[in-house]
Amino acid sequence: MGLEYVRISPGFEKYMPKDYVDLVQYGQFGKEIDVQQLGQFKELVEEHPMCAGCFMAYFVRVFYASLPKPEDTIVIGTAGCARLALSQAAVPFIYGNYGDTNAVASGLKRALSIRFPDKEKDVVVIAGDGGLIDIGFGMTMHSWFRREKFTTIMVDNEVYGNTGGQESGMSPRGVQLKMAPKGKQFDKINAVELAKVAGCVYVAKLAPTNPKRIAKTVRRAILAARHFGPTFIHAYTSCNIEYSIPTEKVLEDARKREKQDFGFYEWMTDEVKEFFEELERKPEEVKA
Amino acid sequence: MYYVADVKESDCAKYNCKQCVLFCPEPNTLMYHDSKHVAWVNYSRCKGCAICVYVCSDLLKRNCIEMVMVTTGD
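Rules used throughout
Residues numbered from 1 in each chain as written. Chains lettered and ligands numbered in written order. Predicted model: local features only at pLDDT ≥ 70, side-chain atom pairs only at ≥ 80, totals over all residues. Heavy atoms only, no water. Axes fitted to C-alpha atoms, helices over the stretch in contact; angles between N-to-C directions. Helix = DSSP H or I, 4+ residues; strand = E, 2+ residues; numbered from the N terminus. Contact = heavy atoms within 4.5 Å. Nonpolar A, V, L, I, M, F, W, Y, C, P; charged D, E, K, R; others polar. Buried area = accessible area lost by both parts, 1.4 Å probe. Salt bridge = Lys/Arg side-chain N within 4 Å of Asp/Glu carboxyl O. Polar contact = N/O pair within 3.5 Å; in protein donor to acceptor, adjacent residues only side chain to side chain. 1 Å grid on protein atoms, 1.4 Å probe; cavity = no way out; pocket = protein on both sides within 12 Å on 5 of 7 lines; lining within 4 Å. Points joined across faces, edges and corners; volume = space filled by probe spheres on them. Buried < 20%, exposed > 50% of the residue type's maximum accessible area, 1.4 Å probe, protein only.

*Asks:* Would you take a moment to explain the packing of helix H5 (residues 101–115) of chain A against helix H7 (residues 137–145) of chain A for this structure?
*Replies:* Packed helices, taken two at a time, are described by their axes: the angle between them and the distance between them. Residues and elements named next belong to chain A. Viewed as axis vectors pointing N to C, H5 and H7 meet at an angle of 35°, and their least axial separation amounts to 7 Å. Residues Asn102, Ala103 and Ser106 of H5 form the contact with H7, whose own contacting residues are Met139, Thr140, Ser143 and Trp144. Residues of the contact of H5 with H7, tallied by class, amount to three nonpolar, four polar and no charged.

Set out below in structure tokens:
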């Protein structure tokens, strides 16, 4: 945690793995990186075992590129696809038991604010629809009721992709999956409205079709969580295996779903809106 | 044998765009050369999903990326 833990001690550069040296020299640590610079710096996340063309992997990639302070961030994940990439990044990662990510994050955030009262430490939970809204539903909701100051990101692939394709609470009504042959009988849970009612101060819903917008949303969610309370992002990250989407059509599918039911939606409380207006106005005022 | 993306450098250099780089799901794989203004592929990391081909050919109609077979060691 902190830049002093990232830097290599003088004289040890030649003994460190090449990837780590690259990360310190050309990486994101201690720099203001814009997501448009992707492909021109060493990214925090490394090679990972997620499927070819997985848009959850894409979301994770853009998420790491948009962290406001990667050296002061801890990511928490759980069983599910996303943890395969999350655990391969140069950001501390904690693997919560299935369902208790938000409980772990609550304790961690409180401990960090006691241990480092003068520093800003960000805690981000990234878990799937199963980890947050099905099995972890109780702990997710209660962390929001308690107004814990951390970000929750749901990477929603609408299925249990790791275990063979069971339906989840987030699968759309009527969809037929390998382990749900009759088709899903119930509607998709409206997680965004639940988050608003449960006390989140910043709520967003998006399909990953625009990296700049993902970065802006992630940054806003993390900054709002630092100062005000729980924040939530619901991201559509299709499962091209269980939904049989050819890999080259994954982006096309995301664009289609964006038009149907995953249009960009952002909601925040008035005080958060005021905070962002202030924050995003500042550079112009300095110029003037 | 691997199925990987390959950027046609001379075609790509005509456009100062890096949309394919921004939509690749793999980190540190499809990179952008700062001075040549072209995208290039780290073959050993490419998983061959062809999302970059969709972006370049279907969305932008520029046809600068194609999928090729390479053998280990290429």
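*Asks:* Explanation requested: the interface of chain B and chain A in the structure shown.
*Replies:* Interface size is commonly expressed as the accessible surface area that is lost when the partners come together. In this complex, chain B contributes 22 residues to the contact, which on the side of chain A involves 33 residues. Interface area lost by chain B to chain A is led by Leu22, Phe23 and Tyr54 of chain B, which between them contribute 25%. For the interface between chain B and chain A, the tally reads two salt bridges. Put simply, chain B and chain A have 15 residue pairs in polar contact (both at pLDDT 80 or more) between them.

*Asks:* Quick question: what am I supposed to make of the layout of surface pockets here?
*Replies:* The method is simple in principle: a probe with the dimensions of a water molecule rolls over the atoms, and the space it marks as empty is what remains. A volume near 500 Å³ is recorded for the largest pocket. Looking at the largest pocket, it is lined by 19 residues, and the ones nearest its centre are Glu32, Asp34, Ala215, Lys216 and Arg219 of chain A. Counting residues per element, the ones that place at least two in the lining of the largest pocket are helix H9 (211–227) and helix H11 (270–287) of chain A. With eight residues, the top contributor of residues to the lining of the largest pocket is H9 of chain A. Residue classes in the lining of the largest pocket are distributed as eight nonpolar, one polar and ten charged. The space that makes up the second largest pocket amounts to roughly 310 Å³. As for the second largest pocket, its lining consists of 15 residues, and the residues nearest its centre are Gly39, Phe41 and Lys42 of chain A together with Met31 and Trp40 of chain B. Class assignment for the residues of the lining of the second largest pocket results in five nonpolar, five polar and five charged.

*Asks:* I tried to follow the pattern of salt bridges on my own but got confused; where do I start?
*Replies:* Side chains that differ in charge, positive against negative, can pair when their charged atoms come close. All names here are of chain A. Following the criterion strictly, the structure yields 27 salt bridges over all chains and no others. Notably, a salt bridge pairs Arg226 with Glu120, separated by 3.5 Å at the nearest N-O pair. In this pair, Arg226 is assigned in helix H9 and Glu120 in the loop between H5 and strand E3 (122–128), connecting sequence segments 106 residues apart. Given the relative accessible area of 34%, Glu120 is considered partly exposed. Among the ionic pairs, Arg213 bridges to Glu258, the shortest N-O distance being 2.5 Å. Within this pair, whereas Arg213 is found in helix H9, its partner Glu258 is found in helix H10 (residues 250–260), the two being separated by 45 residues in sequence. You can call Arg213 partly exposed: its relative accessible area is 27%.

*Asks:* Sorry, what's going on with unusual backbone geometry here?
*Replies:* Leave glycine aside and you will find that most residues have negative phi; peptide bonds, for their part, are mostly trans. Positive phi, normally seen in glycine, also occurs at Glu158 of chain A, with a value near 65°. Unusually for a residue other than glycine, Lys61 of chain B sits at a positive phi of about 55°. Within the secondary structure layout, Lys61 of chain B lies in the loop between helix H3 (51–59) and strand E4 (65–70).

This is a description of form; function is not addressed.
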